[in-house]
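# Structural characterization, general
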Amino acid sequence: MSTGDTTPDGLIPATILASDTPVAVYGYARAKAGEEGRMLGEIQAIIDLTRKEDGCEQYVVHTTPDQPGAYAFYERWSSGAHLLAHVSQPFMQTYFAAIAGLVEGELEAHWLHPLS
């Protein structure tokens, strides 16, 4: 584990965490067959909590009826420090621990530096 007790190793690069300017991520995760409902519940449990956090500029989760159990995430944080505070929250530690057995493969993350 990297930034916290249960944050997946290598999920957040050190350069992102060190950024004092906004950072964003596009992420993708797919639930294991039969775990779609549990994964959806875990995701829904963190959305409002995340949006209320200091430094959260945007947090949106998408899905499609064509691919049940597939989720695309878009997050924008005011800085790497805000992102680190987010993944260190107790509810996020609980989330990462819960989804570890629900996700098919690895969480996918593409880190972005907003142009504006």
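Scope of this entry: the structure provided in the associated data block. All of these numbers come straight from a predicted model, not from anything done at the bench.

Time to look at the environment of Ile43. The residue Ile43 is located in helix α2 (residues 36-51) in this model. Remark: the alpha-carbon pair of Ile43 and Tyr71, spanning 28 residues in sequence, is separated by 9.1 Å. Among residues more than four places away in sequence, those in contact with Ile43 are Val61, Tyr71, Phe73 and Tyr95.

At a closest axis distance of 10 Å, the pairing of α2 and helix α4 (residues 90-99) adopts a crossing angle of 160 degrees. By the angle between their directions, the pair α2 and α4 is classed as roughly antiparallel. For the pair α2 and α4, the sense of crossing is left-handed. Note on element contacts: α4 touches α2 through Phe91, Met92, Tyr95, Ala98 and Ile99, opposite Glu42, Ile43, Ile46, Leu49 and Thr50.

Another point: the side chain of Ser79. As for its position among the elements, Ser79 is in the loop between β3 (70-77) and α3 (80-88). In this view, Ser79 contacts Ser19, Asp20, Thr21, Pro22 and Val23; residues no more than four positions away in its chain are not counted.

Quick notes on the rules
- Residues numbered from 1 in each chain as written.
- Predicted model: local features only at pLDDT ≥ 70, side-chain atom pairs only at ≥ 80, totals over all residues.
- Heavy atoms only, no water.
- Helix = DSSP H or I, 4+ residues; strand = E, 2+ residues; numbered from the N terminus.
- Contact = heavy atoms within 4.5 Å.
- Axes fitted to C-alpha atoms, helices over the stretch in contact; angles between N-to-C directions.
- Parallel < 35°, antiparallel > 145°, perpendicular 65-115°, else oblique.
- Left-handed = near helix turned anticlockwise from the far one by under 90°.

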